[in-house]
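Topology and contacts: notes
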Amino acid sequence: MTGLIIFLGIFVVLIVWGIHIRNTIVRYFNATKRAWAEVANFERQKVKTLEALEDTLSKYTVFEKSTLEQVTALRQQIMNLNVNDTDIAKLQQIEKLNTDLMRSLNVVVENYPELKADTLYSKMMDDIQEQNENVGAAITIFNRNVELFNNHIQIFPNNLVNTMTLAKKAIRPFRDQVIDRNFDYKPNF
């Protein structure tokens, strides 16, 4: 009889432990989804500024049509970013467009010095810089959540609980491919 009670006690502890692991995986997955939504939301906050920037640049960009097209393309890409689907490739494309746009805007300012003196333009550039910093911070938080989630579903025995109950797959963290290409150091993982 005591053996049965011990067996049932161990069985109950294992079940409770398995439920705890499963719930923790769900919690980390939801935190990762929330972090992704914050990245997408910060990207979308740029849209208002980019729309105003389009109007301002249209005055100055008779010869700089490509810059205006880049602003429009970036705004459209941000609007197409899906909050519910973690699409790292799309975010990498948006960040590349953003970098290209910032380079083009510097060229426009050099060609139109009066644009630099325009207070509206200056405010928009400050807003875009702040939004870029917010996106960078949100990406950092997203990557931390991805690391926690991936670690949690890959370590033993959590991987067994995940396989039997949720079958969640590892999430790919965001990596800036442009920076990776230009960075000489590569760790030997």
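Scroll up to find the structure this text is about.
From a predicted model like this one, the values you see are computed outputs, not experimental measurements. (Residues numbered from 1 in each chain as written. Predicted model: local features only at pLDDT ≥ 70, side-chain atom pairs only at ≥ 80, totals over all residues. Heavy atoms only, no water.)

A closer look at the nonpolar core
Ranked by internal contacts, the top residues of the largest apolar core, which has 33 residues, are L50, L53 and F142. Elements with a minimum of two residues in this core: α1 (2–60), α2 (65–79), α3 (88–111) and α5 (119–154). (Core = buried A, V, L, I, M, F, W, Y, C linked by side-chain atoms within 4.5 Å. Buried < 20%, exposed > 50% of the residue type's maximum accessible area, 1.4 Å probe, protein only. Helix = DSSP H or I, 4+ residues; strand = E, 2+ residues; numbered from the N terminus.)

Points about helix α6 (residues 158–165)
Turning to α6, its buried residues number three or more, namely N158, V161 and N162. All buried residues of α6 fall inside an arc of 100° around its axis, so they share one side. More than 90 degrees from the buried face of α6, the exposed residues found are T163 and M164. Positive phi appears at A167, one or two residues downstream of α6, with a value of about 55°. (Arc of directions from axis to C-beta.)

Section: unusual backbone geometry
In this structure, the amide linkage connecting F156 to the following residue, P157, adopts the cis form with an omega of 5°. Tracing the sequence through the fold places P157 in the loop between α5 and α6. Its identity is not glycine, yet A167 carries a phi of approximately 55°, on the positive side. Looking at the secondary structure, you find A167 in the loop between α6 and α7 (177–182).

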